[in-house]
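Topology and contacts: notes
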Amino acid sequence: MNLPLAERLRPKTLDGYIGQEHLVGDNAVLRKIIESGNLPSFIMWGPPGVGKTTLAKIIANTLERPFYTLSATSSGVKDVRNVISKAKSQSFFSVPNPILFIDEIHRFSKSQQDSLLGAVEEGVITLIGATTENPSFEVISPLLSRCQVYVLQSLSKDNLEELLNNALTNDIDLKKKDIKVEEKHALFLHSGGDARKLYNIIELTVNSFREGQAIVINDEVVTNVLQREIAVYDKNGEMHYDIISAFIKSVRGSDPNAAVYWLARMIEGGEDLKFITRRLLILAAEDIGLANPNALLISNNCFSAVNVIGYPESRIILAEATIYLANSPKSNSAYEAINKAQELVRKTGNLPVPLHLRNSPTKLMKELGYGKDYKYAHSYKDNFAEQEFLPEDIANTKLYYPQDNSHENMSKELIRKRWKDKYK
């Protein structure tokens, strides 16, 4: 059987594992736990191809634990219960506590996750979950509270260098070939910190040369190979980040045709629909913002509806929201305002709150001037009284700049009416 390069080079021990030094390097937290043998249930959160599955297998191998693996894309409650039943049946024979590894655990429904709770809590199994999505959003609270969460990072350039050298010197097939690496930029750029993707690109590039031909890897060769093999990468989800980027930029650029095309590409590629809806929520606030505040409401309703309806009908809801957002007027004034505000906070530090804005629940606070001269807006005409709300050192600083659209033009006039020359 001709295994892919990534599978042939999958390490079996922690010493052969590349990357995630903050977790499994010398004296790192997860390495210490593994070496102690007292393994808690935990969830690994990180981008694709950074070693989540490999690390789970290494842990099971190191601790000599029975190892069960399920994929959330193809397994259901029945499969989970079968594994738990097997684990319980083995507990009478002094077999170490089994490890159940669930890949893409974020795709498990609430009922599927609920089916794990008892076994995890009672120690029948040790759960190791892997997810590319924030577990705070995707894993139910009772299960999340019973698990540690470890964040895995994209592989660094040094990690990719090590992986490349490992492939060329240790792989049973590659080390027999005459391979010269002249340039690495394209290799590392297109791998995006993903070990599996790097190995796939290496394998595609090497296989593009004829038998007996000297193999030269440089940026031009790699780029040409990837252009020819673009369909392969698309089919296997390798263009995940490129396609979501194209989708977002199409909506931001007010092109509904392109936006719905990239939406279809993601749907046909099996993308997690909740991932798409979260991007729409962010996009509605960041790129449409105050030009059309209803965009955020529409996106939030889309998020809720997709979670209730499910595929295939949810594709219609996604299309409606996508086209609405693409056709909406655009403004990033709120995004710019919070960026400026955070930059100002980092620059100026913890400036004191002006006395007139401070709460004064005690007599001493009142004697010290807390709350003195504060103007209660509702006691004044049009529910507005001019006063300074920023710390003295940054008084009159302007952070929000309304942009040129019908909704914010009204806001601009209201600001001028209230504050006159203060916020020109």
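These lines cover the structure that appears in this document, whether it is placed above or below. (Residues numbered from 1 in each chain as written. Predicted model: local features only at pLDDT ≥ 70, side-chain atom pairs only at ≥ 80, totals over all residues. Heavy atoms only, no water.)

**So, the overall build of the protein chain**
Looking only at helices and strands, one finds 21 helices and 7 strands in the protein chain. Dimensions of the protein chain, computed from C-alpha atoms along their principal axes, come out at roughly 85 × 55 × 45 Å. Within the span of the protein chain, comprising 424 residues, buried residues form 39% of the whole. Accessible surface computed for the protein chain: about 23,700 Å², of which carbon and sulfur atoms make up 51%. Both charge centroids of the protein chain, one from 51 positive and one from 52 negative side chains, sit 5 Å from each other. (Helix = DSSP H or I, 4+ residues; strand = E, 2+ residues; numbered from the N terminus. Buried < 20%, exposed > 50% of the residue type's maximum accessible area, 1.4 Å probe, protein only. Areas by Shrake-Rupley, 256 points an atom, 1.4 Å probe, with all protein chains shown as cover. Lys, Arg positive; Asp, Glu negative; His and termini not counted. Charge placed at Lys NZ, Arg CZ, Asp CG, Glu CD.)

**Observations regarding the layout of surface pockets**
In this structure, the second largest pocket spans a volume of roughly 250 Å³. The set of elements that each furnish at least two residues to the lining of the second largest pocket consists of helix H16 (273-288) and helix H17 (294-309). Considered class by class, the residues forming the lining of the second largest pocket number 4 nonpolar, 4 polar and 4 charged. (1 Å grid on protein atoms, 1.4 Å probe; cavity = no way out; pocket = protein on both sides within 12 Å on 5 of 7 lines; lining within 4 Å. Points joined across faces, edges and corners; volume = space filled by probe spheres on them. Nonpolar A, V, L, I, M, F, W, Y, C, P; charged D, E, K, R; others polar.)

**Describing the pairing of strand S2 (residues 67-71)**
Of the two faces of S2, only the one carrying Tyr-68 and Leu-70 is buried; Phe-67, Thr-69 and Ser-71 on the other face are not. In this sheet, strand S3 (residues 99-103) lies alongside S2 in parallel orientation, the contact comprising 5 bridges. Of the residues in S3, the one forming a bridge with Phe-67 is Ile-99. (Pairing = 2+ DSSP bridges.)

**Concerning helix H4 (residues 52-63)**
For H4, with 12 residues, the first-to-last C-alpha span of 17 Å sits near the 16 Å given by 1.5 Å per residue. Of all the residues in H4, the buried ones are Lys-52, Thr-54, Leu-55, Ala-56, Ile-58, Ile-59, Ala-60 and Leu-63. Among the structural elements, helix H2 (21-24), helix H3 (29-36), strand S1 (42-45), S2, S3 and strand S4 (126-131) are those in contact with the buried residues of H4. Remark: Glu-64 follows H4 within two positions and exhibits a positive phi of approximately 55 degrees. (Expected span 1.5 Å × (residues − 1). Contact = heavy atoms within 4.5 Å.)

**Focus: the pairing of S3**
Extensive coverage of S3 is indicated by the burial of 4 of its 5 residues. Where S3 and S4 come together, 5 bridges link them in parallel fashion. Looking at the pairing, Phe-101 lines up with Ile-128 of S4. For the crossover that starts at S3, traverses helix H6 (residues 110-122) and ends in the parallel S4, the hand is right-handed. (Right-handed = clockwise from strand over helix to strand, strands pointing away.)

**Points about the side chain of His-356**
Structurally, the position occupied by His-356 is in the loop between helix H19 (333-348) and helix H20 (363-367). A distance of 2.8 Å separates a polar atom in the side chain of His-356 from the backbone oxygen of Glu-388. Setting aside chain neighbours within four positions, we find His-356 in contact with Gly-371, Lys-372, Asp-373, Tyr-374, Gln-387 and Glu-388. (Polar contact = N/O pair within 3.5 Å; in protein donor to acceptor, adjacent residues only side chain to side chain.)

**Examining the sheet that holds S2**
Across the sheet, 5 strands lie side by side as S2-S3-S4-S1-S5; this open sheet has parallel pairing. In the strand order of this sheet, the two ends are held by S2 and strand S5 (148-151), each with one partner. Here the average twist between neighbouring strands, direction ignored, is 20 degrees. Here S1 pairs with S5 via 4 bridges, running parallel. Bridging from a neighbouring strand, Met-44 pairs with Tyr-150 of S5. Taken strand by strand, helix H5 (residues 77-90) contacts S2 and S3, and its axis lies near 175 degrees from that of S2. (Axes fitted to C-alpha atoms, helices over the stretch in contact; angles between N-to-C directions.)

**Section: H19**
In this model, H19 (16 residues) spans 22 Å end to end at C-alpha, consistent with the 22 Å of a helix rising 1.5 Å per residue. The complete set of buried residues in H19 reads Ser-333, Ala-337 and Leu-344. The buried residues of H19 occupy one face: seen down the axis, they fall within an arc of 35 degrees. Facing away from the buried surface of H19 by more than 90 degrees, the exposed residues are Glu-343, Val-345 and Arg-346. Close packing links the buried residues of H19 with helix H21 (406-419). Of the residues flanking the end of H19, it is Gly-349, one or two places downstream, whose phi is positive at about 75 degrees. (Arc of directions from axis to C-beta.)

**Topic: the packing of H5 against H6**
How two helices pack is summed up by the angle between their axes together with the distance between the axes. In contact at an axis separation of 9 Å, H5 and H6 are set at 15 degrees when each is read in the N-to-C sense. Between H5 and H6, the angle is such that the two are roughly parallel. Once H5 is placed against H6, the crossing between them reads as right-handed. Within the contact between the two elements, H5 uses Val-77, Val-80 and Ile-84 and H6 uses Ser-111, Gln-112, Ser-115, Leu-116 and Ala-119. (Parallel < 35°, antiparallel > 145°, perpendicular 65-115°, else oblique. Left-handed = near helix turned anticlockwise from the far one by under 90°.)

**Things to note about the pattern of salt bridges**
Summed over the entire model, instances satisfying the criterion amount to 16 salt bridges. Residue Asp-173 pairs with Arg-8 through a salt bridge whose shortest N-O separation is 3.8 Å. On the criterion of sequence distance, the pair formed by Asp-173 in the loop between helix H9 (157-170) and strand S6 (179-181) and Arg-8 in helix H1 (residues 5-8) is long-range, its members being 165 residues apart. Judged by its relative accessible area of 30%, Asp-173 is partly exposed. The class of Arg-8 is partly exposed, set by a relative accessible area of 23%. (Salt bridge = Lys/Arg side-chain N within 4 Å of Asp/Glu carboxyl O.)

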